[in-house]
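What the coordinates show
Residue-level listing of the chains:
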Amino acid sequence: MDPSTLEEGSSGDSTFVVTPKSRDFLLTDEGLAPGEPIIMPKMLDGMGPFARMAGAWLLFAVGLPVLLLLLDSTSSHLALVPLLVGVVFALGCTSFGTFLWRGVIMKPPPYKRTRVFDESNVSAGTSNDVEHIVVITNGKAGTNKKGSKLEVCKKVWEKVGKVTVISTTHRGHAYEIARDHDLSDVDVLAAIGGDGTIHEVLNGYLSRPERSSPRDGVGSCDGRGTRFGFIPGGSGNNVCRTMGTVNVEKAARWCTGGSSSQGGGDNLGFDCIKVTAKGETICSINTLVFGLIGDIGVLAEGLRVCGPSRYENTAFIKLLCGYQKHITITFTFTDGSTSVTDADYLSCFINLTQYFGKGHRVCPEARLDNGSADFIGLKAGVATRGELLAALMQAETGAHLSNPKTEHIREIKKAKLVFDGPGIFVIDGEAMRHDGEVLVEIFRKQVRVMGERDSMAGGDVKSKT
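Note that the structure is predicted; figures quoted are calculated from it, not measured.

Regarding the side chain of Gln 394
With respect to the helices and strands, the residue Gln 394 is situated in helix α11 (residues 385–394). You can call Gln 394 buried: its relative accessible area is 2%. Leave out the neighbours within four places in its chain, and Gln 394 touches Arg 102, Lys 107, Pro 108, Ala 399, His 400 and Asn 403.

In structure tokens form, the structure reads like this:
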């Protein structure tokens, strides 16, 4: 299917519905089932060339000096020669020097902070009064120095007429609550948790059977036009970071309505990404990741003994192995023009938000209400291992945009990604199967979220709360 045949959605005057079966293709903790026809590389595939090069260097720069010292302990000066030659060779003749220089010593300055909402994006004629908040809380949301995140929120919401608390008990429960709970008298549906909880809540809401035509340019499925409140309670909190806060108390104040100028929150239109894979539709509000970081959830299973660090270890190992994923991408832009890229990628991202993972600012120019997404790609084959490692290090602050090895494409309305066969990609932190093709479309202002119109992305990322 050509992406141009997808329904128009970025103008804010149409909507889409998440299909229930889409969740069947999310990868569970059990991983891939035996016999699944998914192309997945082995952990050490491609390690041979690097292992030979590294082994030769170790023998010369370390092994030879040790041997010389064993043969003659008085020849310490002579033993230093191969070590020094080895260091000079590593820094000047391999990409390790590039990584050390560009990724550590002379890393470019952080990318400037940017607005993520348009100045006109407030209320659009809908009421901003808040009388009833339903809050879905993840039991793993944790505590801070002021107590549990829920207690912090309750204190802020003391003057709200009614607060209903619903705690999740199992994976997918937040999805079920947002899909089935009666929202007829609910002003704000809040979620305390990480990006995964927000993903579940949005997808549950967008799968409600009674979803009607858009209201005031925003998809609505209830009489009051329920808005969302996102309270940071996870490890990444990338949606909240992009909105301008990881502070629980501040995010809770946004949910009280009024306006940000009065200490409350603005009623803001918020884009969504419609993702179609294996014939089913799911929503992304954060990030889509393809390539190494998309496959990593499966590849890392063999390193469970390493605990949470297995993901970083797997990424490092596969980068050294020369990992690459062939993808053909057809982009349709907001002005109607198209372009096609056919390349081997280490990893690539399609983002609504500016952040990925644990606060890495991969798309520092992304906005949340302009009906478009940003693309960041790291091509394999045209960059050395050191250059790719440096770009990944720079991505923590958005400095990688100045790296010539980073592919940056803006104002994407639709995209069609074609792979060599079935595989895995990551949607808002969740691994999902595809059958060799993924369709993406950005829908403008699909939902309303309580926030601060004038906030800057990453506004208080150093906050402890």
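Back to the text.
Overview of the pattern of salt bridges
Following the criterion strictly, the structure yields 11 salt bridges and no others. Where Arg 179 meets Asp 180, a salt bridge forms, and the shortest distance between an N and an O atom there is 2.8 Å. Salt bridges linked by common partners bring Arg 115, Arg 453 and Asp 454 together as one network.

Observations concerning the pairing of strand β12 (residues 373–379)
In terms of burial, β12 is a largely internal element, six of the seven residues being buried. Of the pairings in the sheet, the one linking strand β11 (residues 338–351) to β12 comprises six bridges and is antiparallel in character. Note that in β12 the partner of Phe 349 across the bridge is Ile 376.

Observations regarding helix α9 (residues 292–299)
In terms of burial, α9 is a largely internal element, seven of the eight residues being buried. Of the residues making up α9, those classed as buried are Leu 292, Ile 293, Gly 294, Asp 295, Ile 296, Val 298 and Leu 299. Structurally, α9 contributes buried residues whose contacts are with β9 (287–291), α10 (310–320), β10 (325–333), β11 and β14 (423–427).

Here's the deal with the nonpolar core
Ranked by internal contacts, the top residues of the largest apolar core, which has 53 residues, are Trp 157, Phe 228, Phe 230, Ile 231, Phe 270 and Val 447. Beyond its immediate sequence surroundings of up to four residues, Phe 228 is in contact with Val 188, Leu 189, Val 201, Leu 202, Tyr 205, Val 447, Arg 448, Val 449 and Met 450. If you look at the next biggest cluster of nonpolar residues, it comprises 30 residues, including Ala 277, Ile 327, Phe 375 and Met 432.

Thoughts on the packing of aromatic side chains
Per the stated rule, a full pass over the model turns up 12 aromatic pairs. Consider the rings of Phe 290 and Phe 419, whose centres lie 5.8 Å apart with planes at 35°: the pair is tilted. Of this pair, Phe 290 sits in strand β9 while Phe 419 sits in strand β13 (residues 406–419), and the two are 129 residues apart along the sequence. Aromatic rings pair up to connect Phe 117, Tyr 205, Phe 228, Phe 230 and Phe 270 into one cluster. One residue, Arg 23, lies across the ring of Tyr 175, its end atom 4.6 Å from the ring centre.

Re the packing of helix α5 (residues 173–180) against helix α6 (residues 195–206)
Two elements in contact, α5 and α6, have axes separated by 7 Å at closest approach and are oriented at 30°. Here α6 runs roughly parallel to α5, going by the angle between their axes. Along this stretch, α5 crosses α6, giving a crossing that reads as right-handed. On the side of α5, the interface is formed by His 173, Ala 174, Tyr 175, Ala 178 and Arg 179, while α6 contributes Thr 197, Glu 200, Val 201, Asn 203, Gly 204 and Tyr 205. Grouping the amino acids of the contact of α5 with α6 by side-chain chemistry returns five nonpolar, four polar and two charged.

Structural notes on unusual backbone geometry
Even without being glycine, Asn 237 reaches a positive phi, approximately 55°. Examined against the element boundaries, Asn 237 turns out to sit in the loop between β6 (227–232) and α7 (238–243). You can call Asn 237 buried: its relative accessible area is 9%. With a phi angle near 55°, Glu 411 is a residue other than glycine that sits in the positive phi range. Accessibility expressed as a relative area gives 42% for Glu 411, which makes it partly exposed.

Observations regarding the layout of surface pockets
Leftover empty space is mapped by rolling, across the atoms, a probe with the size of a water molecule. Empty space within the second largest pocket amounts to approximately 440 Å³. Elements represented by at least two residues in the lining of the second largest pocket include exactly α1 (48–71), α2 (76–93), α3 (96–105), α10 and α11. A per-element tally of the lining of the second largest pocket places α1 first, with five residues. Looking at the lining of the second largest pocket, its residues break down into 14 nonpolar, three polar and one charged.

Remarks on a nonpolar patch on the surface
A surface patch of nonpolar side chains, amounting to about 630 Å² of accessible area, comprises Phe 60, Leu 64, Leu 67, Leu 71, Leu 78, Val 81 and Val 85. Of all the secondary-structure elements, those providing two or more residues to the nonpolar patch are α1 and α2. In terms of residue count, α1 provides more of the nonpolar patch than any other element does, four residues in total.

Quick notes on the pairing of strand β8 (residues 280–284)
With five of five residues buried, β8 is to be regarded as a mostly interior element. Residues of β8 alternate between two faces, with Glu 280, Ile 282 and Ser 284 on one and Thr 281 and Cys 283 on the opposite face, all of them buried. Two strands pair when backbone bridges link them, and strand β7 (residues 266–277) and β8 are joined in this way by five bridges, in the antiparallel orientation. Paired with Ile 273 across the two strands is Ser 284, which belongs to β8. Hairpin remark: β7 followed by β8, antiparallel, with two residues in the connecting loop; positive phi at Lys 278, about 55°.

The rules behind each value
Throughout, a residue's number is its position along its own chain's written sequence, starting from 1. For a predicted model such as this one, the threshold for reporting local features is a pLDDT of at least 70, and the threshold for listing and counting side-chain atom pairs is 80 or more; totals across whole chains, interfaces and linings nevertheless cover every residue. Side-chain numbers come from the whole structure's heavy atoms, not from hydrogens or water. Where helices and strands are cited, they refer to DSSP runs of H or I of at least four residues and of E of at least two residues respectively, numbered from the N terminus. Relative accessible area decides the class of each residue, using a 1.4 Å probe on protein chains only: under 20% of the type maximum gives buried, over 50% gives exposed, and in between gives partly exposed. In this description, contact between two residues means that some pair of their heavy atoms is separated by no more than 4.5 Å. By salt bridge we mean one thing: a side-chain nitrogen of Lys or Arg within 4 Å of a carboxyl oxygen of Asp or Glu. The criterion for strand pairing is that DSSP finds at least two bridges linking the strands in question. Put simply, a nonpolar core is a bunch of buried Ala, Val, Leu, Ile, Met, Phe, Trp, Tyr and Cys residues held in one set by side-chain atoms that sit within 4.5 Å of each other. Any Phe, Tyr or Trp ring, taking Trp's six-membered ring, that has another such ring centre within 6.5 Å forms a pair; planes under 30 degrees apart are called stacked, those over 60 apart edge-to-face, and the others tilted. By definition here, charges over rings are those cases where NZ of Lys or CZ of Arg is within 6 Å of the ring centre and within 35 degrees of the ring normal. Note on method: axes are straight lines fitted to C-alpha atoms, helices fitted across the in-contact stretch only, with angles between N-to-C directions ranging 0 to 180 degrees. With respect to orientation, any angle under 35 degrees is reported as roughly parallel, any angle over 145 as roughly antiparallel, any angle of 65 to 115 as roughly perpendicular, and every other angle as oblique. Should the near helix be turned anticlockwise from the far one by less than a right angle, the crossing is termed left-handed; should it be turned clockwise, right-handed. Asp, Glu, Lys and Arg are counted as charged, while Ala, Val, Leu, Ile, Met, Phe, Trp, Tyr, Cys and Pro are counted as nonpolar; the rest, among them Gly, fall into the polar class. Note on definitions: the grid is 1 Å and covers protein atoms alone; a cavity is a set of points where a 1.4 Å probe fits but cannot get out; a pocket is an open set with protein on both sides within 12 Å along at least five of seven lines; lining residues have an atom within 4 Å of a point. Grid points are joined across faces, edges and corners, and a volume is the space filled by probe spheres set on the points. Residues with no salt bridge and a relative accessible area higher than 30% make up the patches, which join like charges within 9 Å and nonpolar side chains (Val, Leu, Ile, Met, Phe, Trp, Tyr) within 5 Å. A 1.4 Å probe and the Shrake-Rupley method give the accessible areas. Residues count as covered only by the protein chains that appear here.

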